[in-house]
Amino acid sequence: MLSLHVLFEIPDPPYFLIGIAAVCGLACGKAFEVSIKRKTKEWSEGRSSQPLSKVYEVRLFVPYLGICVCSWVFVGSALTTFAVTWAIGFAMSTVVVVSSGLLVWFQLKKLLKTLEEGGSKALEI
């Protein structure tokens, strides 16, 4: 059970944590970019027997999870700079990051399935 002390005490803003989360998030994003490019290249060259829409691989999931965790820390810490307590800031951050993270993950799966079924022409707008 949360005490009133946790809910109403305003901590010092964690500027260092915001910066570290941003840098680590960018590093995880670059790792995810490299992984997704390598997966699509292997699939297009016929070297991969797995379908392109199979996104539940360690090489894709771990960097994406890193992006989500870094985003969670970044948003939660950034909210504490606006006079929000840690409990409220990270609770709000959890809702935002989990919902958007799941949305992006399922959209990625749908996009790769479309690419797999119709080729790159299916993605042109």
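A. Looking closely at helix 3 (residues 58-80). If you check helix 3, its first and last C-alpha atoms are 33 Å apart, about what 23 residues at 1.5 Å a residue would give, namely 33 Å. Buried residues in helix 3 make contact with helix 2 (15-44) and helix 4 (86-118).

B. Region of the structure containing the packing of helix 2 against helix 4. At their nearest, the axes of helix 2 and helix 4 sit 14 Å apart, and the two run at 15 degrees to each other. Comparing their axes, helix 4 and helix 2 come out roughly parallel. The hand of the helix 2/helix 4 crossing is right-handed. Within the contact between the two elements, helix 2 uses Leu17, Phe32, Ile36, Thr40 and Trp43 and helix 4 uses Trp86, Trp105, Leu108, Leu112, Leu115 and Glu116. Of the residues contributing to the contact of helix 2 with helix 4, the split by class is 9 nonpolar, 1 polar and 1 charged.

C. Broad picture of the confidence of the model for the protein. Taken as a whole, the protein shows an average pLDDT of 83; of its residues, 82% reach a score of 70 or greater. Within the protein, helix 3 carries the highest mean pLDDT (93), whereas helix 1 (residues 4-8) carries the lowest (57).

D. The layout of surface pockets, seen in detail. For the largest pocket, the calculated volume is near 170 Å³. For the lining of the largest pocket, the elements supplying multiple residues, two or more each, are helix 3 and helix 4. Tallying contributions element by element places helix 4 first for the lining of the largest pocket, with 5 residues. Broken down by class, the residue content of the lining of the largest pocket amounts to 9 nonpolar, 1 polar and no charged.

E. Quick peek at the nonpolar core. Core analysis: the largest hydrophobic core is formed by 12 residues, namely Phe32, Ile36, Leu52, Val55, Leu60, Tyr64, Cys68, Val97, Trp105, Leu108, Leu112 and Leu115. Listed by contribution, the elements that provide at least two residues to this core are helix 2, helix 3 and helix 4. Looking at this core, the element that brings in the most residues is helix 4, giving 5 residues.

F. Layout of the pattern of salt bridges. Applying the stated rule across the entire model yields 5 salt bridges. For arginine 59, the salt bridge identified is with glutamate 42, shortest N-O distance 3.2 Å. Of this pair, arginine 59 sits in helix 3 while glutamate 42 is found in helix 2, placing the two residues 17 residues apart along the sequence. Judged by relative accessible area, arginine 59 falls into the partly exposed class, the value being 29%. The residue glutamate 57 makes a salt bridge to arginine 59 at a minimum N-O spacing of 2.8 Å. Classification of glutamate 57 by relative accessible area gives buried; the value is 12%. Taken together, the shared-partner salt bridges in this structure form one network comprising Lys39, Glu42, Glu57 and Arg59.

Criteria and thresholds
Residues numbered from 1 in each chain as written. Predicted model: local features only at pLDDT ≥ 70, side-chain atom pairs only at ≥ 80, totals over all residues. Heavy atoms only, no water. Helix = DSSP H or I, 4+ residues; strand = E, 2+ residues; numbered from the N terminus. Expected span 1.5 Å × (residues − 1). Contact = heavy atoms within 4.5 Å. Axes fitted to C-alpha atoms, helices over the stretch in contact; angles between N-to-C directions. Parallel < 35°, antiparallel > 145°, perpendicular 65-115°, else oblique. Left-handed = near helix turned anticlockwise from the far one by under 90°. Nonpolar A, V, L, I, M, F, W, Y, C, P; charged D, E, K, R; others polar. pLDDT = per-residue confidence, 0-100. 1 Å grid on protein atoms, 1.4 Å probe; cavity = no way out; pocket = protein on both sides within 12 Å on 5 of 7 lines; lining within 4 Å. Points joined across faces, edges and corners; volume = space filled by probe spheres on them. Core = buried A, V, L, I, M, F, W, Y, C linked by side-chain atoms within 4.5 Å. Buried < 20%, exposed > 50% of the residue type's maximum accessible area, 1.4 Å probe, protein only. Salt bridge = Lys/Arg side-chain N within 4 Å of Asp/Glu carboxyl O.

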